[in-house]
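Okay, here's what each chain looks like letter by letter:
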Amino acid sequence: MSQVFIDWTTIEDNVLGLRVYDGTDENPERLLFTNYSSLDDLKQSSIFNQNITLNFNGTDWLLVFDAKAASANISYLSAWAVLFSGFALSGLLCGLMLSLNTTRQRANLIADNLTQEIQKRESLLKESEFRWRFAIEGAGDGLWDWNLADGKVFFSSRLKDMLGYSADEISSNFDEWRSRVHSKDLKQTMSEIQAHLDGNTELYRHEYRLKCKDGSWKWVFARGVVVERDADHKPLRMIGTHSDITSRKETDEKLQLAASVFSHAGEGVMITDTSGHIIDVNEAFTHITGFGAEEVIGKNSRILSSGRHDKEFYASIWNSLKLKGFWHGEIWNRRKTGEVYAEILTISAVNDEDGAARHYVAIFSDITSVKEYQTRLESIAHYDVLTRLPNRVLLSDRLHQAIAQVKRNRKMLAVAFIDLDGFKAVNDNHRHQIGDELLIAIASRLKAAIREGDTIARIGGDEFIVAMVDLGFREECYPMLDRLLSVVSKPVKIGEFMLQVSASIGVTFYPQEDNLDADQLQRQADHAMYQAKLKGKNRYHVFEEL
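Everything in this summary refers to the structure shown in the same document. (Residues numbered from 1 in each chain as written. Predicted model: local features only at pLDDT ≥ 70, side-chain atom pairs only at ≥ 80, totals over all residues. Heavy atoms only, no water.)

### With respect to the pattern of salt bridges
Alright, step 1. Applying the stated criterion across every chain, the model contains 21 salt bridges.
Alright, step 2. Salt-bridge contacts for arginine 451 lead to aspartate 454; the nearest nitrogen and oxygen are separated by 2.8 Å.
Alright, step 3. Residue arginine 451 is classed as partly exposed on the basis of its relative accessible area, which comes to 29%. (Salt bridge = Lys/Arg side-chain N within 4 Å of Asp/Glu carboxyl O. Buried < 20%, exposed > 50% of the residue type's maximum accessible area, 1.4 Å probe, protein only.)

### So, the nonpolar core
Alright, step 1. Among the nonpolar cores identified, the biggest contains 37 residues, and Leu446, Phe464, Met468 and Leu484 are the most heavily contacted of them.
Alright, step 2. Looking at this core, the elements with two or more residues in it are strand 15 (412-421), helix 11 (423-429), helix 12 (432-449), strand 17 (463-471), helix 13 (478-489), strand 18 (492-494) and strand 20 (502-510).
Alright, step 3. It is helix 12 that provides the largest number of residues to this core, a total of seven residues.
Alright, step 4. With 22 residues, the next largest nonpolar core counts Val181, Leu210, Ala222 and Met238 among its residues. (Core = buried A, V, L, I, M, F, W, Y, C linked by side-chain atoms within 4.5 Å. Helix = DSSP H or I, 4+ residues; strand = E, 2+ residues; numbered from the N terminus.)

### Focus: the sheet that holds strand 15
Alright, step 1. Spatial strand order, 16-17-15-20-21: five strands in an open sheet with mixed pairing. Each of the sheet's edge strands pairs with one partner strand only, and the pair in question is strand 16 (455-460) and strand 21 (539-542). For this sheet, the mean angle separating the axes of adjacent strands, direction not counted, is 20°.
Alright, step 2. Pairing between strand 15 and strand 17: seven bridges, direction antiparallel. Bridge assignment links isoleucine 418 to a residue of strand 17, and that residue is phenylalanine 464.
Alright, step 3. Contacting strand 15, strand 16, strand 17 and strand 20, helix 10 (residues 392-409) crosses the sheet at an angle of about 140° to strand 16. (Pairing = 2+ DSSP bridges. Axes fitted to C-alpha atoms, helices over the stretch in contact; angles between N-to-C directions. Contact = heavy atoms within 4.5 Å.)

### Concerning helix 12
Alright, step 1. For helix 12, which comprises 18 residues, the first-to-last C-alpha distance of 26 Å matches the rise-based estimate of 26 Å (1.5 Å per residue) to within 8%.
Alright, step 2. Those residues of helix 12 lying buried are Ile434, Gly435, Leu438, Leu439, Ile442, Ala443, Leu446 and Ala449. (Expected span 1.5 Å × (residues − 1).)

### So, the packing of helix 10 against helix 14 (residues 518-534)
Alright, step 1. In contact at an axis separation of 9 Å, helix 10 and helix 14 are set at 105° when each is read in the N-to-C sense. The angle between helix 10 and helix 14 places the two elements in the roughly perpendicular class. Residues Arg392, Leu395, Leu399, His400 and Ile403 of helix 10 form the contact with helix 14, whose participating residues are Ala518, Leu521 and Gln522.
Alright, step 2. A breakdown of the residues in the contact of helix 10 with helix 14 according to their chemical character gives five nonpolar, two polar and one charged. (Parallel < 35°, antiparallel > 145°, perpendicular 65-115°, else oblique. Nonpolar A, V, L, I, M, F, W, Y, C, P; charged D, E, K, R; others polar.)

### Section: the pairing of strand 5 (residues 142-147)
Alright, step 1. Among the six residues of strand 5, five are classified as buried, and the element is accordingly described as predominantly covered.
Alright, step 2. Sheet analysis places strand 5 next to strand 9 (residues 235-244), joined by six bridges and oriented antiparallel. Bridge assignment links aspartate 145 to a residue of strand 9, and that residue is isoleucine 239.
Alright, step 3. As judged from the four bridges shared by strand 5 and strand 6 (residues 152-155), these two strands associate in the antiparallel manner.

### A closer look at the packing of helix 12 against helix 13
Packed helix pairs are specified by the crossing angle of their axes together with the interaxial distance, meaning the distance between the axes.
Alright, step 1. One can describe the packing of helix 12 onto helix 13 by two numbers: an axis separation of 9 Å at closest approach and a directional angle of 155°. Taken together, helix 12 and helix 13 sit at an angle that is classed as roughly antiparallel. Note that helix 12 runs across helix 13; the crossing there is right-handed. Between helix 12 and helix 13, the contacting residues are Ile442, Arg445, Leu446 and Ala449 on the first element and Met480, Arg483, Leu484, Val487 and Val488 on the second.
Alright, step 2. When grouped by side-chain class, the residues that make up the contact of helix 12 with helix 13 number seven nonpolar, no polar and two charged. (Left-handed = near helix turned anticlockwise from the far one by under 90°.)

### A short note on the sheet that holds strand 13 (residues 340-351)
Alright, step 1. Pairing is antiparallel across the open sheet formed by five strands, whose spatial order is 11-10-14-13-12. Pairing within the sheet leaves two strands with one partner each, and these edge strands are strand 11 (278-281) and strand 12 (326-334). The mean inter-strand angle of the sheet, taken between neighbouring strand axes irrespective of direction, is 25°.
Alright, step 2. Across six bridges, strand 10 (residues 268-273) lies against strand 14 (residues 357-366) in antiparallel orientation. Note on strand 14: the bridge partner recorded for methionine 270 is alanine 362.
Alright, step 3. Seen against the sheet, helix 8 (residues 311-324) touches strand 12, strand 13 and strand 14 and runs at an angle of roughly 150° to strand 12.

Printed below as a string of structure tokens:
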């Protein structure tokens, strides 16, 4: 500090004193400089004294000037004031430069932070857009992204696939899409889009038809929203999805048709809510079930249950309704009288605009007479009309099952061929009606004589076959053969006649060394039966393997 003020030590014979303090008060401990020779000189009286506070680069200095003699030239004060003013100005300029440098560094730091934030937001935006598109594609909807400024439209691969096109077969422009809209739907579709572009709707939602590559038409449910507008609120970008609703539309059309003929349909119609409570029925429903509308509305459709179906059956119906929106099949229900009847039933879901089921419509026809006729036909096809025993067709099926059972449990099967002895004489001496009644009586006896699980069949005329299953060994069936011979040989009273016949029985067994089928077993038993007749009738004979 003494080097800065070195010239003050000799100026004007020390007539002007100078003291510099660190701070703003005259504290001897903070004295930085003085041109007094000793501290005692500070005690001399001064005829002139002036204090100046100077801030230099953030530090306050106190400058004290005083005249030590009358000859002091006070003009030196102005010169020194100018000098220290220059110091102050220099300090101010240095501070300004430092401040500018600091400001520049802060500005660069802020710019770097803003750049990083923008890059981060762009990355998050791209990631969000990727997830959004992935979610839409995964849900099976087609995605479109329309740039209104240049008319370019991005169509996702799912949307193109929905119409039967590959990724490069549809150009990316608005006119391409408009050309595929059904002519009957185009005007309303464009009106809905324009209403949203004008800001009149929060979301664009519309159903219309689009032409597929094969020329067919597919119903789609379009949803979209404007995601970008300029300062004048002019739309710049709009995005949306296409959902294939063709199946739902077809179902809706069927339900609308059903509703139009609801009152006059010959089929019964029942409408329920999603929990099965009846909302409405038509006249045919009352005619078929016997229940009036006032008796069933508000009640659950379970009141029609016949009790013939288990819980799994009804669970499968509900599962089909939830997954497919419909169920079709045969079901047994109960009339008001308690009578069980068969019906052919179709249940369809009525969906709301969001695709959720709101009601179910059940359309059914009474097919009880058809089922009864079908049962009669099955009976004729599988049972002998006269004796009601299984016929040759059903016997063949039973024998195939018995052979398969033998292979599984390693037991034996016996096949016995029965032919009545003397039956031809009965027919010759009496009317055929008497012969038929005799056959019915003997068939009843044979059926009562066999075990549960065995089969007795009439294969024609006076011939019968018995299939005995689950035998441990051959001899186990011999008592059964004796019992069959016994019940046949007992007299039968038909009207005023007492008739008596006997039986010849041939029997064979399975398994054998050769792998035989049902027809071969019957032929073996037939051959053995003729051996029994040759040996005197009213006996059984076991087929002898060669």
